[in-house]
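Secondary and tertiary structure notes
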Amino acid sequence: MSFMAVYLFYLYMIHTLFPENVRQPTELGADVMIIGAGIIIVSVLTRYKKWRWLWSEWLTTVDHKKIGVLYLISALAMLFRGGVDALMLRTNLALPNIQPIGANEYNEVFTTHGTIMIFFMAMPFIFALFNAVVPLMIGARDVAFPRLNAISYWLFAFGALLLNISFVLGGSPNAGWTAYAPFTERAFTPGVGENYYFMSLLIAGIGTTMTGINFLVTIIRMRAPGMTFMRMPLFVWTTLTTSALIIFAFPPLTVALALTLIDRLFHASFFTLGHGGMPMMYVNLFWLFGHPEVYIVVMPAFGIFSEVVATFSGKQLFGYTAMVLSVVAIMLFAYGTWVHHFFTMGAGPSVNVFFGLSTMLIAIPTGVKIFNWIFTMWGGRIRMTVAMLYQIAFIPTFAIGGATGVMFAVVPVDYQLHNGYFLIAHFHNVLIGGTLFGLLSGMHYWWPKMFGFSLNERLGKFAFWLFFIGFWITFTPQYMLGFEGMTRRLYTYPLGYGWHMLNVISTLGAFTMGAGFVVLVYDIVWSLFKMPRDATGDPWNGRTLEWALPSPVPEYNFARVPVVTSRDMFWWMKRHHATIADQLKPNDIRELELPKNSPVPFILGLGFFIFGFGMVFEWWLLAFLGLAIIIGSLIYTGFDYDEHKQVSAEEIRHIEQSLGRLQG
Amino acid sequence: MSLPVDPKVIPKPPVPLEFSVKAESIKITGFWMFLVSDMLIFASLFSVFAVFRSRIMAGPTPNQIFHYGSTLLETLLLLTSSFTVGMAIFAMRKSHAKVMMAWLVLTLVLGAGFVATEIHEFVTDVQHGITWHVSGFLSGFFVLVGTHGAHVSFGIAWAVTLLFQLSRRGLTPVTSRKLYTFSLYWHFLDIVWVFIFTFVYLFGKIT
Ligand code: HEM
Ligand SMILES: [Cu+2]
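Below or above, wherever it landed, is the structure these notes cover. Given the structure is predicted, the values throughout are model-derived calculations rather than measurements.

Details of the overall build of chain A
Each helix and strand in chain A was counted, giving 21 helices and 2 strands. Against the compact-globule benchmark of 26 Å for 664 residues, chain A has a radius of gyration of 25 Å, which places it among compact chains. By its C-alpha atoms, chain A is 75 × 55 × 50 Å across when sized along the principal axes. Relative to its full complement of 664 residues, chain A shows a buried share of 60%. In chain A, once contacts between residues fewer than 6 apart in sequence are set aside, the share between residues at least 24 apart is 82%. As displayed, chain A offers around 25,300 Å² of accessible surface, 72% of which is attributable to carbon and sulfur atoms. In chain A, 38 positive and 34 negative side-chain charges are present, and the distance between their average locations comes to 9 Å.

Observations concerning the site of ligand 1
Residue and element names in this part refer to chain A. Y106, H113, W177, H428 and R489 are the nearest of the 22 residues found near ligand 1. Contact between ligand 1 and H113: a nitrogen atom at 2.8 Å from a side-chain N or O atom of the residue. In the environment of ligand 1, a nitrogen atom lies 2.8 Å from a nitrogen or oxygen atom belonging to the side chain of H428. A breakdown of the residues in the shell around ligand 1 according to their chemical character gives 15 nonpolar, 4 polar and 3 charged.

Concerning the nonpolar core
In this structure, F120, Y282, W373 and M443 of chain A together with F141 of chain B are the most contacted members of the largest nonpolar core, which totals 241 residues. Excluding anything up to four places from it in sequence, W373 of chain A contacts F302, F305, S306, V309, L317, M323, Q391, F394 and I395 of chain A. If you look at the next biggest cluster of nonpolar residues, it comprises 13 residues, including I101, Y421, L481 and M486 of chain A.

Structural notes on the coordination of the iron atom of ligand 1
Residues and elements named next belong to chain A. Each protein donor to the iron atom of ligand 1 is listed here as H113 (NE2) and H428 (NE2); together their distances run 2.0 Å. Classification of the site at the iron atom of ligand 1 as octahedral follows from its 6 donor atoms and the range of 88 to 179 degrees in their angles at the metal. One end of the pair, H113, is in helix α5 (residues 103-137); the other, H428, is in helix α14 (residues 421-451), and 315 residues separate them in sequence. In terms of burial, H113 and H428 fall into one category: buried.

As for a nonpolar patch on the surface
All names here are of chain B. Residues L79, I191, V194, F195, F199, L202, F203 and I206 make up a contiguous nonpolar surface patch of roughly 700 Å² in combined accessible area. Residue contributions to the nonpolar patch peak at 7 residues, all from helix α6 (residues 173-206). Secondary-structure assignment places I191 in helix α6.

Looking at the packing of aromatic side chains
All names here are of chain A. Applying the stated criterion to the full structure yields 94 aromatic pairs over all chains. Each ring, one from F354 and one from F355, has its centre 5.0 Å from the other, and the planes form 80 degrees; the classification is edge-to-face. For F354, a relative accessible area of 51% gives the class exposed. Of note, K66 hangs over the ring of W58, and the distance from its end group to the ring centre comes to 5.5 Å. We note R567 situated over the ring of Y320; from NZ or CZ to the ring centre the distance is 3.6 Å.

Let's talk about the coordination of the copper ion (ligand 2)
Residue and element names in this part refer to chain A. Coordination of the copper ion (ligand 2) by the protein is provided by H291 (ND1), H340 (NE2) and H341 (NE2), with metal-donor distances spanning 1.7 to 2.0 Å. Counting along the primary sequence, the residues that act as donors to the copper ion (ligand 2) give the motif H-x48-H-H. Here H340 lies in the loop between α10 (320-333) and α11 (349-377) and H291 lies in helix α9 (residues 279-313), a separation of 49 residues in the sequence. Judged on exposure class, the residue H291 and its partner H340 are both buried.

Quick look at helix α6 (residues 146-169) of chain A
Residues and elements named next belong to chain A. Here α6 spans 34 Å end to end across 24 residues, near enough to the 34 Å set by a 1.5 Å rise per residue. Of all 24 residues that make up α6, 21 are buried, and the element is covered over most of its length. In the stretch just after α6, G170 is the one whose phi turns positive, near 95 degrees.

Some details on the pattern of salt bridges
Tallying each qualifying case throughout the model produces 13 salt bridges over all chains. The salt bridge involving E555 of chain A is made with K645 of chain A; its shortest N-O contact spans 3.1 Å. Of this pair, E555 of chain A sits in the loop between α16 (500-530) and α17 (569-575) while K645 of chain A sits in strand β2 (residues 644-647), placing them 90 residues apart in sequence. Among the residues examined, E555 of chain A registers a relative accessible area of 35% and is labelled partly exposed. A relative accessible area of 29% means that K645 of chain A is categorised as partly exposed. Among the ionic pairs, E18 of chain B bridges to R93 of chain B, the shortest N-O distance being 2.5 Å. One end of the pair, E18 of chain B, is in the segment before α1 (22-52); the other, R93 of chain B, is in helix α3 (residues 68-93), with 75 residues separating them in the sequence. For E18 of chain B, a relative accessible area of 1% gives the class buried. Overall, the relative accessible area of 41% leaves R93 of chain B in the partly exposed class.

Observations regarding the interface of chain B and chain A
Contacts between the two partners involve 37 residues from chain B and, on the opposite side, 34 residues from chain A. Interface area for chain B against chain A, summed over the two sides, is near 3,200 Å², with a carbon-plus-sulfur share of 70%. For the interface between chain B and chain A, the tally reads 1 salt bridge. Note that E643 of chain A and K27 of chain B form a salt bridge whose closest N and O atoms lie 3.8 Å from each other. Put simply, chain B and chain A have 16 residue pairs in polar contact (both at pLDDT 80 or more) between them. Those elements giving two or more residues to the side of chain B that touches chain A turn out to be α1, α5 (136-169) and α6 of chain B. Among the elements that line the side of chain B that touches chain A, the one with the most residues is α1 of chain B, at 18 residues. Looking at the side of chain B that touches chain A, its residues break down into 17 nonpolar, 15 polar and 5 charged.

Rules and cut-offs
- Residues numbered from 1 in each chain as written.
- Chains lettered and ligands numbered in written order.
- Predicted model: local features only at pLDDT ≥ 70, side-chain atom pairs only at ≥ 80, totals over all residues.
- Heavy atoms only, no water.
- Helix = DSSP H or I, 4+ residues; strand = E, 2+ residues; numbered from the N terminus.
- Rg over C-alpha atoms; globule rule 2.2 N^0.38 Å.
- Buried < 20%, exposed > 50% of the residue type's maximum accessible area, 1.4 Å probe, protein only.
- Contact = heavy atoms within 4.5 Å.
- Areas by Shrake-Rupley, 256 points an atom, 1.4 Å probe, with all protein chains shown as cover.
- Lys, Arg positive; Asp, Glu negative; His and termini not counted.
- Charge placed at Lys NZ, Arg CZ, Asp CG, Glu CD.
- Near = heavy atom within 4 Å.
- Polar contact = N/O pair within 3.5 Å; in protein donor to acceptor, adjacent residues only side chain to side chain.
- Nonpolar A, V, L, I, M, F, W, Y, C, P; charged D, E, K, R; others polar.
- Core = buried A, V, L, I, M, F, W, Y, C linked by side-chain atoms within 4.5 Å.
- Donors = N, O, S within 2.8 Å, 3.2 Å for Na, K, Ca; no water.
- Tetrahedral: all angles 85-135°; square planar, octahedral: opposite > 155°, others 65-115°.
- Patch = residues over 30% accessible without salt bridge, like charges linked within 9 Å, V, L, I, M, F, W, Y side chains within 5 Å.
- Salt bridge = Lys/Arg side-chain N within 4 Å of Asp/Glu carboxyl O.
- Phe/Tyr/Trp six-rings, centres within 6.5 Å; stacked < 30°, edge-to-face > 60°.
- Lys NZ or Arg CZ within 6 Å of the ring centre and 35° of its normal.
- Expected span 1.5 Å × (residues − 1).
- Buried area = accessible area lost by both parts, 1.4 Å probe.

Structure below.
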């Protein structure tokens with residue numbers, strides 16, 4: 001009953017506020033689902049009186065571990081959304097000339113799929129793991145700027161909301177995840193769709209830049225005594241290089257997005273065709289960001305695998321120094337290859353050859369890493385956990401993805417394969433085989449640390465096999481389709497090109513991966529209720545400091561900050577019977593100062609959302625309202641000197657005692 | 001930690017006040033990183049301008065629209081304000097709160113003069129139909145210089161809130177850190193202006 005009322009009111013609002021042509025009839029079904037889900041969430045929260053809990057424990061939190069959980073939930077939700085998009089695309093291509101969704105919707109769906117997977121799935125998933133473990137690994141009580149960390153999260157979350165709302169209100173962006181000018185200019189793409197893209201990425205991008213700064217400073221300035229750079233776990237190293245890449249890569253993106261938006265909304269002439277605009281500049285700026293971005297999403301996976309492989313082989317990581325040098329080399333090289341994304345735009349042979357060679361060079365440090373992981377496993381006592389399975393699957397998958405990438409570095413080959421299905425297969429090969437497998441591996445590995453219980457191994461393995469086998473069934477045919485000339489962003493194709501069979505197989509594979517996701521979610525829900533709590537804090541016999549702490553970790557992380565004397569510190573402690581708990585005497589515990597929860601990050605994010613929404617629809621009053629909220633909350637934080645709360649030694653002693661971590 | 005500290009009680013700190021507390025000194029590191037990212041924003045805008053400089057189309061040339069009188073005035077105002085904010089920090093290090101505030105106010109006045117001149121220049125341009133719609137060159141010009149101007153305006157608003165905080169709380173590790181980061185920001189904008197003056201205005205004269 002209430003559902004009907006809300007829905008009718010909603011339809012009425014939509015029709016009065018937004019022009020008819022913006023909406024697609026097929027979107028109505030999705031609307032019903034989203035509104036239904038919204039009503040269920042609201043009524044559950046009200047029924048169990050959880051609003052206050054939600055606000056004070058989660059929406060205002062500045063604790064990096066909780067922010068990590070928020071990021072993880074958002075990333076999984078976005079993986080669902082992006083995955084559904086992928087299945088819609090594959091369904092449309094399953095057979096020749098069937099069109100469950102039409103051409104325009106196909107454009108919208110691959111655009112949101114790509115945008116969401118890169119910016120709103122991979123990025124927050126990475127930040128989830130950064131937040132969950134990096135401070136623990138370096139023996140810090142928190143990140144350098146806890147409040148800023150929360151602001152980053154809310155900017156990301158509201159940016160994601162802005163993009164997703166386009167689907168509900170109609171008029172999703174439809175110019176691809178790269179949004180090349182001049183196609184995205186008003187003359188060619190009128191309507192609000194692209195505004196959503198630019199605004200949401202601008203908002204989320206500010207948050208991402210702040211996260212990069214935050215973790216860079218955390219790692220440089222907040223390491224425990226004795227935690228020298230060359231003692232840092234490799235995941236911390238990749239966090240460091242990723243953060244540096246973020247700081248250097250996001251500004252060009254911000255400029256590219258802002259200039260196009262200025263063109264669209266305020267009629268400047270940057271990337272238009274008349275008035276001396278120059279669309280190529282957009283493409284350069286975009287890929288100046290875009291290539292480092294692919295390393296931003298894959299380097300954390302390298303770090304995760306380095307932790308996972310050492311733990312589950314029961315050995316120290318092989319060639320630590322070489323690993324560190326290679327991530328630093330990748331970080332530096334990442335800026336010198338961007339032109340390989342548009343060899344075909346005709347920059348001339350010398351430019352193309354330079355960037356072709358630099359692209360081949362960057363494969364070398366990556367090769368070094370693959371060998372080091374294999375040598376780490378060599379002679380080790382390998383435990384086939386889910387995390388380890390993803391790692392082992394990653395090595396051949398990523399090697400093949402990397403090899404097909406190097407093929408593109410050969411400029412004449414690129415001219416043949418550019419913008420075809422070979423390319424689609426290549427980048428999914430590295431994005432799924434590298435990034436997604438890495439993130440899922442990390443999720444299974446650190447899940448017990450974040451939540452205090454492990455995920456079910458049997459279900460996890462089942463999901464893994466579905467993902468892994470489904471992956472190859474989906475993308476092997478696509479490599480072949482590339483050779484047969486099928487181009488990307490193609491919404492349908494006629495019978496008789498010989499593409500038929502391969503597309504059927506590919507779609508079957510996609511649904512296998514979809515089944516893998518369903519099993520993964522079932523695994524999470526099942527484990528939430530059924531898995532035993534982990535009392536040791538060290539379920540995997542880990543090597544690095546985060547496993548020295550109880551799970552879930554208390555708010556202050558370390559009752560006493562440890563002194564680090566070796567790489568793989570926790571392993572060393574265990575060998576010398578000197579766990580943190582053994583060392584801790586009641587008198588060692590001092591009073592602590594912790595950051596206090598704050599409503600500012602959430603409200604600031606909301607301000608940005610309102611501002612962005614106003615900009616998208618050119619409702620200037622709304623935009624000003626959003627701007628006023630933003631400025632207001634900035635001023636408020638400026639005058640807020642009450643950022644900390646004291647936690648007494650007594651309280652900490654009590655907590656440590658109840659966790660069984662106190663002597664005497 | 002954030003309680004007001006009477007500057008006279010502190011016995012000659014071995015490091016400046018704003019670095020004396022670790023949390024505050026970490027914030028200064030973070031601010032440097034922010035400046036790096038902001039510098040890259042400007043670097044991108046400069047590269048855009050460099051590419052668009054010659055794309056004049058039917059619009060005016062740099063020579064026709066740049067008013068060197070007002071540009072020189074702007075340069076003088078901003079460079080002087082960089083000096084005065086330096087003096088404010090100098091006074092802060094000597095714990096002369098009153099003198100420091102005076103220098104800061106002077107900095108703001110100079111900054112406001114800069115912004116006013118620039119706004120006046122832009123408004124005159126627009127009244128003559130010289131808008132960013134006209135040519136690629138003008139788009140690059142207005143957005144690069146305008147972004148700098150917006151930064152200066154933001155800095156002024158920031159410093160006004162700082163004045164209130166300083167007068168309420170005096171010099172503490174927190175307030176002195178805030179003033180210090182403001183001065184970094186202000187010097188940074190000054191350096192960016194030097195580049196704008198050279199590569200936008202002076203080079204415009206040459207070509
Ligand atoms: C569940 C597995 C996935 C399937 C079945 C899938 C399928 C597809 C399909 C069918 C397209 C459109 C091809 C076209 O018509 O041009 C596409 C594009 C794309 N996908 Fe995926 N995808 C998957 C996962 C991912 C992941 C995990 C990422 C990133 C982390 C990703 C990133 C992209 C990007 C960036 C595009 C390009 C969008 C554009 O052309 O603008 N995909 N994918
Ligand atoms: Cu690239």
